Amino acid sequence: MKKKLFITYFIIALVTMLAVGGTLFLKGYSSLVKQSEEGYMVQTQLLAAVFEADFPGEENLNQLVEKYAEEYNVRITIVSEAGNVVAESSGDYEDIENHSNRIEIKKALEGEKYSVRRYSKTLGVECMYCAAPLVTEEFRGVIRIAVPLEELKSMEYGFLKSVVLAVIAISAAILLLAVYFSNYITKPLDEVTNAARKIAKGDLQVKIYTRQKNQIGVFADAFNSMVEKLKNNMAVLYARNNELEAILYSMDNGVVAIDKDNKIIFCNQEFKSLTDRENDDVTGLPIYHVLRNQILYDVIDKVKETGDSITKEGNLYREEECIMKISGTPLYDLYEKKENKTVGVLLIFEDVTQIRKLEHMRSEFVSNVSHEFKTPLTSIRGFVDTLKNGAIHDEKFALKFLDIIDIETERLYNLIQDILLLSEIENNNDYNVKENNIKEIVGDVITLLHPKVKKNVDLKYEADAYIRPYTCNADRIKQLMINLIDNAIKYTENGTILVTCSSDGNFLYLSVQDTGKGIEKECLDRIFERFYRVDKSRSSKTGGTGLGLSIVKHIVEMYNGDIEVESEVLVGTKFLVKLPYQTVS
Ligand code: ADP
């Protein structure tokens, strides 16, 4: 740009200079020639006047001619009326041919002054001749002076030299001016170009500084305010984008938007975590390359086909079982919404595994509870019917049946108690929370359960001398220990039951170890489940509800603790509870 402007400037100026210089030279030169011609003519006329005033006679004429020729540095020739040369300053006039046919002589003889340029045979160079009539009383002829044109030529050369020098000097000045002006004009444009480049690279701190008040100044001001606006708009867009990203990022659900060609427009991290490309940038990739799932494909196809929102649920094949609810909604072009023009599909992935598991557990719980109730109730009804049908009259049978009804009623009562307790713990209904002496609580439980211990079993209790008081609901810890010790008593026929209680400042440790029947390895993972019993017949004999350990686990979780179980069939079982000293949740 700058180069072009400079060249244009320079060419225009140079052409103008050459035209002006050429014209000046031609005009000047021709006026110079005219002036010198006129000068020589005036000189001729003056010499004619001098010769007329002081005519020395024809014989002495040559002397006078030579004198003036030397004085004025010209060639002087005097020609008679007949055309004969009567005096000549350069050479012998007698040898010179008749001049009557020379145009200047002819004209002068006719009484006119006349000048002409011609080659001089006498001088052997191009000359300018100026002739004027020379008329006295005794002589009638012509005086002519001849000047070699070389002198004029040297004048012409000198003039040309001055013109050329002037053109060169002015051209140099123009060159400098062209550089200055092209810089002056292009500098702000260069700045704008550089600024625009910086903006394109994302730098919005650029500004054009100019003191010019012309159009360039106006342009720079407009550019600066445009950049300012752009900066503000970008800041707003950036903030909005950040907000949107923050919202998408903090969503628990996977969100992905795809275009008409099923290519990902944007997605959040949660969506990426459902795929194998968690750490990749998946924008622009077809969704089928990122996540292969038939339900997803069905949702996309259905949304595109119907233009309605669609929700489907199914398994997503990952390492763990995962049930996904996939909702698809058509994405509309905001500007062409009237025409119902969709530009893609928005998909939301909701992990419903836990909800479905809970629902399953709930229904399983209901069916288990019904089953647990049904058995004792059936038994009670059966015996009541038997009594009604006559057995009541046989006291021995009647008492036996009433005993059974009593046991079953007790079982039902225990079951209801346990279910209520479980639901209370599950709902996190903890009350009466305060610092408790755990050593004492466990001691009380031992005292309470001691009568149930079989005669071949020794129930021992070992506790540290000092146990840091533990903040909790005393009833919960009591319940926990009752369930564990009661189980140990139930499932131990002989040997020892050792209950320990200790603390290390950070944790409270409670353990119940017995030398009972033990639990099979494959059952260890399930014993904390509700209504799970290792051996149904064994449990019904012992009157267990199958909820004891489930209650224990919930109490432990309530205090953010941990429970471990080690067991070997026919050797014994050990439950170890670890509770942290911290605020109850
Ligand atoms: P239950 O009321 O039937 O005892 P629990 O939830 O307390 O139910 O226990 C679940 C199952 O774990 C019991 O049915 C029993 O088979 C087994 N179990 C629990 N504690 C012991 C133990 N100390 N020794 C052997 N088996 C045990």
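Just so we're clear, the structure is a prediction, and the values are computed from it rather than from any experiment.

Turning our attention to the side chain of Thr 136. On the secondary structure map, Thr 136 appears in the loop between strand E4 (126–135) and strand E5 (140–148). On the basis of relative accessible area, Thr 136 is assigned to the buried category, the value being 16%. Residues contacting Thr 136, with those up to four places away along its chain left out, are Phe 51, Glu 52 and Phe 55.

With that settled, the discussion passes to the sheet that holds strand E10 (residues 342–351). One open sheet holds the five strands; their spatial order is E7-E6-E10-E9-E8, and the pairing between them is antiparallel. With partners counted over all chains shown, the strands left at the sheet margins are strand E7 (264–267) and strand E8 (310–315), one partner each. Ignoring strand direction, the axes of neighbouring strands in this sheet form an average angle of 20°. Bridge count for strand E6 (residues 254–259) against E10 is six bridges, and the pairing is antiparallel. Each residue of the ladder has a partner; that of Asp 259, found in E10, is Gly 344. Where helix H8 (residues 294–306) meets the sheet, its contacts fall on E6, E8, strand E9 (323–332) and E10, and the angle it forms with E8 comes to roughly 170°.

Here the focus is unusual backbone geometry. Non-glycine residue Asn 262 carries a positive phi angle of around 65°. Mapped onto the elements of the fold, Asn 262 is located in the loop between E6 and E7. What makes Asn 262 buried here is its relative accessible area of 11%. For Asn 560, which is not a glycine, the phi torsion comes out positive at approximately 55°. Within the element layout of this structure, Asn 560 appears in the loop between helix H15 (548–558) and strand E16 (562–568). Its relative accessible area of 40% is what places Asn 560 among the partly exposed residues.

The strand order across the open sheet formed by five strands is E12-E14-E15-E17-E16, and the pairing between neighbours is mixed. Both outer strands of the open sheet, strand E12 (457–463) and E16, are each paired with one neighbouring strand and no more. Taking the axes of each pair of neighbouring strands and ignoring which way they run, one obtains an average angle of 10° across the sheet. Examined bridge by bridge, strand E14 (residues 495–503) and strand E15 (residues 507–514) share seven bridges and lie antiparallel to one another. The residue bridging Thr 500 from the neighbouring strand is Ser 511, located in E15. Relative to the sheet, helix H11 (residues 438–449) contacts E12, E14 and E15, its axis offset from that of E12 by approximately 170°. Relative to the sheet, helix H12 (residues 474–490) contacts E12, E14, E15 and strand E17 (572–580), its axis offset from that of E15 by approximately 20°.

What counts and what doesn't
- Here the residue numbers are simple positions, counted from 1 along each chain's written sequence.
- Predicted model: local features are reported for residues with pLDDT of at least 70 only, side-chain atom pairs are reported and counted for 80 or more only, and whole-chain, interface and lining totals are derived from all residues.
- For side-chain calculations, the full set of non-hydrogen atoms in the structure is used, while hydrogens and water are omitted.
- Comment: elements are numbered from the N terminus, with helices defined as DSSP H or I runs of at least four residues and strands as E runs of at least two.
- Relative accessibility decides the category of a residue: with a 1.4 Å probe and only protein chains considered, values under 20% of the type maximum give buried, values over 50% give exposed, and everything between is partly exposed.
- Should any heavy atoms of two residues lie within 4.5 Å, those residues are counted as being in contact.
- A strand pair is defined by DSSP finding two or more bridges across the two strands.
- All axes here are fitted lines through C-alpha atoms, helices being fitted over the stretch that makes contact, and every angle between N-to-C directions spans 0 to 180 degrees.

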